[in-house]
Amino acid sequence: MVPAGEAQASPVGPEAVFGANSPVWIVSGCNVFGRLSTPQAQAATTAVLYEKLDSLGWTWHPAVLMAPGREWVETGAVVVGPSRDEIVSKAAYCGQEAVLLWDEYGIRVIGTGL
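Anyway, here's the lowdown on the structure attached to this text.

About the criteria used
Residues numbered from 1 in each chain as written. Predicted model: local features only at pLDDT ≥ 70, side-chain atom pairs only at ≥ 80, totals over all residues. Heavy atoms only, no water. 1 Å grid on protein atoms, 1.4 Å probe; cavity = no way out; pocket = protein on both sides within 12 Å on 5 of 7 lines; lining within 4 Å. Points joined across faces, edges and corners; volume = space filled by probe spheres on them. Helix = DSSP H or I, 4+ residues; strand = E, 2+ residues; numbered from the N terminus. Nonpolar A, V, L, I, M, F, W, Y, C, P; charged D, E, K, R; others polar.

**Things to note about the layout of surface pockets**
Within this model, the largest pocket holds a volume of roughly 450 Å³. Lining the largest pocket are 23 residues, with S28, L65, W72, E74 and Q96 sitting closest to its centre. Looking at the lining of the largest pocket, the elements with two or more residues in it are strand 3 (24-28), strand 4 (59-66), strand 5 (73-80) and strand 6 (98-103). If one sorts the elements of the lining of the largest pocket by residue count, strand 4 sits on top with four residues. Across the lining of the largest pocket, the residue classes tally to 15 nonpolar, six polar and two charged.

**Some thoughts on empty space enclosed by the protein**
As enumerated under the stated definition, the model contains one cavity of 30 Å³ or more in all. In this structure, the largest cavity encloses a volume near 30 Å³. In this structure, the largest cavity is lined by V27, L49, K52, L53, I87, K90, A91 and C94. Only helix 2 (39-56) and helix 3 (84-93) provide two or more residues apiece to the lining of the largest cavity. Split into classes, the residues belonging to the lining of the largest cavity amount to six nonpolar, no polar and two charged.

Put into structure tokens, the structure is as follows:
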């Protein structure tokens with residue numbers, strides 16, 4: 001959300017940021033298979049995610065994800081374009097229990113089945 005006046009906010013969808021109507025996904029590279037990890041392990045699993053996205057030729061951008069209260073911070077990626085089945089499959093392969101879909105309705109959690 002971005003400020004739009006006193007006590008108001010206007011939603012900013014992925015089209016405004018990326019200029020595309022394609023699905024936009026947010027994928028974490030941390031805590032694979034539900035395990036808490038050291039910062040070094042988090043960096044390594046995020047690097048694996050980035051390598052996988054590069055090998056697929058998908059459009060993606062590094063991202064930092066955090067809880068609203070900043071209780072946790074994770075690295076990951078914003079991925080533009082793949083279908084739901086494609087991103088869920090790859091996220092599950094990389095050990096993620098869920099991905100986030102960002103569209104004109106906001107951000108929703110999509111489980112991977114892990």
